[in-house]
Amino acid sequence: MAAGSAPEARGLMDEQTFLDNFNNLIYRHKTYLCYETERMQDDLWIPLDEYKGFLQNKSGSRRWERCHAESIFLGEIASWNLDTELRYRITVFISWSPCADCADELTKFLRENRHVNLRIFAARIYDWYQGYEAGLRALKAAGAEVAMMTFQEFEYCWKNFVDHQQDEDKPFPRWDNLDSEYERLTKKLAGILQNQED
DNA sequence: ATTTTCAAT
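An unreviewed UniProt entry lists chain A under the name DNA dC->dU-editing enzyme APOBEC-3G, with Pteropus vampyrus given as the organism. As recorded by UniProt, the Cofactor (unreviewed entry) comment attached to chain A reads in full: "Zn(2+)". UniProt, in its Sequence similarities (unreviewed entry) section for chain A, records the words "Belongs to the cytidine and deoxycytidylate deaminase family."

Below is the structure:
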(Lines give C-alpha, C1' and ligand atoms only; values in the text may rest on other atoms or scores of the structure.)
Protein backbone atom coordinates (compact mmCIF):
# COMPACT_ATOMS: atom_id res chain seq x y z
CA MET A 1 0.00 0.00 0.00
CA ALA A 2 1.06 3.59 -0.57
CA ALA A 3 3.30 5.04 2.11
CA GLY A 4 1.23 8.19 2.31
CA SER A 5 -2.14 6.51 2.80
CA ALA A 6 -4.12 6.78 6.01
CA PRO A 7 -2.77 4.77 8.97
CA GLU A 8 -5.87 2.60 9.06
CA ALA A 9 -5.45 1.76 5.39
CA ARG A 10 -1.92 0.60 6.16
CA GLY A 11 -3.26 -1.68 8.84
CA LEU A 12 -2.25 0.46 11.78
CA MET A 13 -4.40 1.36 14.75
CA ASP A 14 -4.00 4.51 16.77
CA GLU A 15 -2.07 4.43 19.99
CA GLN A 16 -4.96 4.99 22.35
CA THR A 17 -7.06 2.27 20.73
CA PHE A 18 -4.27 -0.20 21.27
CA LEU A 19 -3.58 0.83 24.85
CA ASP A 20 -7.28 0.88 25.75
CA ASN A 21 -8.05 -2.49 24.29
CA PHE A 22 -4.97 -4.60 24.84
CA ASN A 23 -4.36 -3.63 28.46
CA ASN A 24 -4.53 -6.98 30.24
CA LEU A 25 -5.98 -5.39 33.37
CA ILE A 26 -8.86 -3.45 31.81
CA TYR A 27 -11.93 -5.19 30.43
CA ARG A 28 -13.56 -3.83 27.30
CA HIS A 29 -16.80 -4.61 25.56
CA LYS A 30 -15.08 -5.06 22.26
CA THR A 31 -12.28 -7.08 20.77
CA TYR A 32 -9.39 -6.12 18.53
CA LEU A 33 -7.44 -8.63 16.50
CA CYS A 34 -4.07 -8.02 14.87
CA TYR A 35 -2.78 -10.56 12.39
CA GLU A 36 0.19 -11.27 10.22
CA THR A 37 0.96 -14.04 7.80
CA GLU A 38 4.15 -15.73 6.70
CA ARG A 39 4.93 -18.25 3.99
CA MET A 40 7.44 -21.05 4.32
CA GLN A 41 10.19 -20.71 1.76
CA ASP A 42 13.46 -22.62 1.91
CA ASP A 43 12.80 -23.50 5.56
CA LEU A 44 12.31 -19.86 6.44
CA TRP A 45 9.16 -17.92 7.27
CA ILE A 46 8.78 -15.03 4.84
CA PRO A 47 6.40 -12.23 5.89
CA LEU A 48 3.51 -11.56 3.52
CA ASP A 49 2.73 -7.90 4.07
CA GLU A 50 -0.48 -8.03 2.08
CA TYR A 51 -1.95 -10.35 4.72
CA LYS A 52 -1.20 -8.21 7.73
CA GLY A 53 -3.53 -5.88 9.58
CA PHE A 54 -6.08 -5.57 12.30
CA LEU A 55 -9.82 -5.65 12.73
CA GLN A 56 -12.41 -5.50 15.46
CA ASN A 57 -15.62 -7.30 16.19
CA LYS A 58 -18.89 -5.96 14.79
CA SER A 59 -21.41 -4.75 17.31
CA GLY A 60 -25.04 -3.90 16.76
CA SER A 61 -28.33 -3.40 18.51
CA ARG A 62 -29.58 -6.68 17.08
CA ARG A 63 -27.90 -9.95 17.81
CA TRP A 64 -27.67 -10.97 14.14
CA GLU A 65 -25.75 -7.79 13.36
CA ARG A 66 -22.96 -8.75 15.73
CA CYS A 67 -19.94 -10.78 14.81
CA HIS A 68 -16.95 -11.80 16.86
CA ALA A 69 -13.54 -10.77 15.60
CA GLU A 70 -12.47 -14.34 14.89
CA SER A 71 -15.42 -14.97 12.57
CA ILE A 72 -14.66 -11.84 10.62
CA PHE A 73 -11.04 -12.87 10.42
CA LEU A 74 -11.83 -16.35 9.15
CA GLY A 75 -13.90 -14.72 6.43
CA GLU A 76 -10.93 -12.60 5.45
CA ILE A 77 -8.62 -15.59 5.32
CA ALA A 78 -11.05 -17.40 3.07
CA SER A 79 -10.99 -14.44 0.68
CA TRP A 80 -7.20 -14.69 0.40
CA ASN A 81 -7.42 -18.04 -1.38
CA LEU A 82 -4.12 -19.23 0.05
CA ASP A 83 -2.33 -21.79 -2.08
CA THR A 84 -2.94 -25.24 -0.58
CA GLU A 85 0.39 -26.39 -2.00
CA LEU A 86 2.28 -23.89 0.17
CA ARG A 87 2.77 -23.69 3.89
CA TYR A 88 1.61 -20.65 5.85
CA ARG A 89 1.83 -19.42 9.40
CA ILE A 90 -0.72 -16.95 10.68
CA THR A 91 -0.04 -15.14 13.94
CA VAL A 92 -2.90 -13.48 15.77
CA PHE A 93 -2.75 -11.03 18.65
CA ILE A 94 -6.19 -10.64 20.15
CA SER A 95 -7.43 -8.62 23.08
CA TRP A 96 -9.86 -11.34 24.25
CA SER A 97 -9.21 -15.03 23.85
CA PRO A 98 -11.73 -16.93 21.70
CA CYS A 99 -15.09 -17.89 23.17
CA ALA A 100 -16.31 -21.48 22.81
CA ASP A 101 -17.99 -20.85 19.47
CA CYS A 102 -15.04 -19.00 17.98
CA ALA A 103 -12.65 -21.66 19.22
CA ASP A 104 -14.82 -24.25 17.45
CA GLU A 105 -14.76 -22.25 14.23
CA LEU A 106 -11.00 -21.90 14.39
CA THR A 107 -10.58 -25.59 15.16
CA LYS A 108 -12.70 -26.51 12.17
CA PHE A 109 -10.67 -24.16 9.99
CA LEU A 110 -7.41 -25.77 11.08
CA ARG A 111 -8.70 -29.27 10.42
CA GLU A 112 -9.74 -28.25 6.93
CA ASN A 113 -6.61 -26.23 6.17
CA ARG A 114 -3.63 -28.33 7.08
CA HIS A 115 -1.35 -26.01 5.12
CA VAL A 116 -1.95 -23.26 7.66
CA ASN A 117 -0.32 -22.99 11.09
CA LEU A 118 -1.99 -20.75 13.61
CA ARG A 119 -0.55 -18.99 16.62
CA ILE A 120 -2.83 -17.06 18.93
CA PHE A 121 -1.60 -14.66 21.57
CA ALA A 122 -4.35 -13.24 23.76
CA ALA A 123 -4.11 -10.27 26.10
CA ARG A 124 -6.89 -11.56 28.37
CA ILE A 125 -8.88 -14.74 28.84
CA TYR A 126 -12.50 -14.41 27.85
CA ASP A 127 -14.11 -16.59 30.48
CA TRP A 128 -17.52 -15.01 30.61
CA TYR A 129 -19.43 -17.80 28.87
CA GLN A 130 -19.38 -21.53 29.50
CA GLY A 131 -17.38 -23.91 27.41
CA TYR A 132 -14.43 -21.73 26.59
CA GLU A 133 -11.99 -24.09 28.31
CA ALA A 134 -12.88 -27.09 26.14
CA GLY A 135 -12.85 -24.81 23.13
CA LEU A 136 -9.31 -23.70 23.84
CA ARG A 137 -8.21 -27.29 24.41
CA ALA A 138 -9.70 -28.38 21.09
CA LEU A 139 -7.95 -25.49 19.39
CA LYS A 140 -4.64 -26.59 20.82
CA ALA A 141 -5.36 -30.21 19.89
CA ALA A 142 -5.97 -29.06 16.30
CA GLY A 143 -2.44 -27.72 16.23
CA ALA A 144 -2.85 -24.10 17.22
CA GLU A 145 -0.42 -22.50 19.60
CA VAL A 146 -2.39 -20.68 22.26
CA ALA A 147 -0.64 -18.37 24.67
CA MET A 148 -1.07 -15.18 26.62
CA MET A 149 0.63 -12.01 25.45
CA THR A 150 3.83 -11.26 27.31
CA PHE A 151 5.50 -7.87 27.44
CA GLN A 152 7.35 -8.99 24.34
CA GLU A 153 4.12 -9.47 22.36
CA PHE A 154 2.63 -6.19 23.57
CA GLU A 155 5.77 -4.38 22.53
CA TYR A 156 5.84 -6.24 19.19
CA CYS A 157 2.27 -5.15 18.45
CA TRP A 158 3.08 -1.61 19.51
CA LYS A 159 5.89 -1.55 16.98
CA ASN A 160 4.14 -3.38 14.19
CA PHE A 161 0.43 -2.60 14.35
CA VAL A 162 0.24 0.86 15.92
CA ASP A 163 0.54 4.20 14.17
CA HIS A 164 3.06 6.45 15.90
CA GLN A 165 2.75 9.31 13.42
CA GLN A 166 5.88 11.46 13.63
CA ASP A 167 7.58 9.46 16.35
CA GLU A 168 8.46 6.10 14.86
CA ASP A 169 10.67 5.20 17.82
CA LYS A 170 8.15 5.94 20.53
CA PRO A 171 8.72 3.23 23.14
CA PHE A 172 5.90 1.01 24.30
CA PRO A 173 4.45 2.61 27.43
CA ARG A 174 4.03 -0.41 29.64
CA TRP A 175 1.37 -0.25 32.33
CA ASP A 176 1.68 -1.17 35.99
CA ASN A 177 1.29 -4.85 36.77
CA LEU A 178 1.48 -5.92 33.13
CA ASP A 179 3.85 -8.75 34.04
CA SER A 180 2.06 -9.90 37.18
CA GLU A 181 -1.24 -10.07 35.31
CA TYR A 182 0.44 -12.00 32.52
CA GLU A 183 1.80 -14.42 35.13
CA ARG A 184 -1.64 -14.91 36.60
CA LEU A 185 -3.26 -15.42 33.21
CA THR A 186 -0.65 -17.77 31.84
CA LYS A 187 -0.99 -20.01 34.87
CA LYS A 188 -4.73 -20.01 34.42
CA LEU A 189 -4.34 -20.86 30.74
CA ALA A 190 -1.90 -23.65 31.52
CA GLY A 191 -4.45 -25.14 33.90
CA ILE A 192 -7.13 -24.92 31.24
CA LEU A 193 -5.00 -26.52 28.54
CA GLN A 194 -3.74 -29.31 30.80
CA ASN A 195 -7.16 -30.26 32.01
CA GLN A 196 -8.09 -33.65 30.58
CA GLU A 197 -11.84 -33.71 31.17
CA ASP A 198 -13.74 -32.76 28.06
C1' DA B 1 -23.40 8.44 29.29
C1' DT B 2 -22.04 4.61 32.35
C1' DT B 3 -19.97 0.61 33.50
C1' DT B 4 -17.02 -2.00 31.33
C1' DT B 5 -15.84 -10.06 29.68
C1' DC B 6 -16.75 -9.57 21.28
C1' DA B 7 -22.90 -4.86 25.78
C1' DA B 8 -26.57 -3.62 27.88
C1' DT B 9 -28.73 -0.21 30.22
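Turning to the protein's contact with DNA strand B, a few remarks are in order. Around DNA strand B, a shell composed of 19 residues is seen, among which His 29, Arg 66, Ser 97, Tyr 126 and Asp 127 lie nearest. Backbone sugar and phosphate groups make up 50% of those atoms of DNA strand B lying within 4 Å of the protein. A distance of 2.9 Å is found between a base oxygen of DNA strand B and a backbone nitrogen or oxygen belonging to Ala 69. Per-class residue counts for the surface near DNA strand B are seven nonpolar, six polar and six charged.

It is worth spelling out the side chain of Asn 23 at this point. Considering the arrangement of structural elements, one finds Asn 23 in the loop between helix 1 (15-22) and strand 2 (32-41). A polar atom in the side chain of Asn 23 sits 2.7 Å from the backbone nitrogen of Leu 25. A distance of 3.4 Å separates a polar atom in the side chain of Asn 23 from the backbone nitrogen of Ile 26. Among all residues touching Asn 23, those that are not within four sequence positions of it are Phe 18, Arg 124 and Trp 175.

What follows is about the pattern of salt bridges. Applying the stated criterion to the full structure yields seven salt bridges. The closest approach of N and O atoms between Lys 188 and Asp 127, which form a salt bridge, is 3.3 Å. In this pair, Lys 188 is assigned in helix 6 (residues 178-194) and Asp 127 in the loop between strand 6 (116-124) and helix 4 (132-141), connecting sequence segments 61 residues apart. For Lys 188, a relative accessible area of 29% translates into the label partly exposed. When the shortest N-O distance is used, the salt bridge between Arg 184 and Glu 181 registers 2.7 Å. Linking Arg 184 with Glu 181, this pair stays in helix 6, spanning three residues, or about one helical turn. For Arg 184, a relative accessible area of 42% corresponds to the partly exposed category.

The next subject is the nonpolar core. Phe 73 and Val 92 are the most contacted members of the largest nonpolar core, which totals 36 residues. Listed by contribution, the elements that provide at least two residues to this core are strand 2, helix 2 (69-80), strand 5 (88-96), helix 3 (100-112), strand 6, helix 4, strand 7 (145-148) and helix 6. Not counting residues up to four positions away in its chain, the partners in contact with Phe 73 are Leu 33, Tyr 35, Leu 55, Trp 80, Ile 90 and Val 92. With 20 residues, the next largest nonpolar core counts Phe 93, Cys 157, Trp 158 and Val 162 among its residues.

Those residues of helix 4 lying buried are Tyr 132, Gly 135, Leu 136, Arg 137 and Leu 139. The inward-facing, buried residues of helix 4 contact helix 3, strand 6, strand 7 and helix 6.

This part takes up unusual backbone geometry. Backbone geometry at Asn 81 places phi at a positive 50 degrees, although glycine is not the residue there. Tracing the backbone shows Asn 81 in the loop between helix 2 and strand 5. Of the residues examined, Asn 81 reaches a relative accessible area of 65% and is grouped as exposed. The phi torsion at Gln 165 lies on the positive side, around 50 degrees, for a residue other than glycine.

Tracing the chain through its elements places Asn 195 in the segment after helix 6. For Asn 195, a relative accessible area of 31% corresponds to the partly exposed category. Counting along the chain gives 15 residues from Asn 195 to Ser 180, while the straight-line C-alpha distance between them is 23 Å.

What counts and what doesn't
- Residues numbered from 1 in each chain as written.
- Chains lettered and ligands numbered in written order.
- Predicted model: local features only at pLDDT ≥ 70, side-chain atom pairs only at ≥ 80, totals over all residues.
- Heavy atoms only, no water.
- UniProt positions renumbered as here; feature names shortened; annotations may be inferred.
- Near = heavy atom within 4 Å.
- Polar contact = N/O pair within 3.5 Å; in protein donor to acceptor, adjacent residues only side chain to side chain.
- Nonpolar A, V, L, I, M, F, W, Y, C, P; charged D, E, K, R; others polar.
- Helix = DSSP H or I, 4+ residues; strand = E, 2+ residues; numbered from the N terminus.
- Contact = heavy atoms within 4.5 Å.
- Salt bridge = Lys/Arg side-chain N within 4 Å of Asp/Glu carboxyl O.
- Buried < 20%, exposed > 50% of the residue type's maximum accessible area, 1.4 Å probe, protein only.
- Core = buried A, V, L, I, M, F, W, Y, C linked by side-chain atoms within 4.5 Å.

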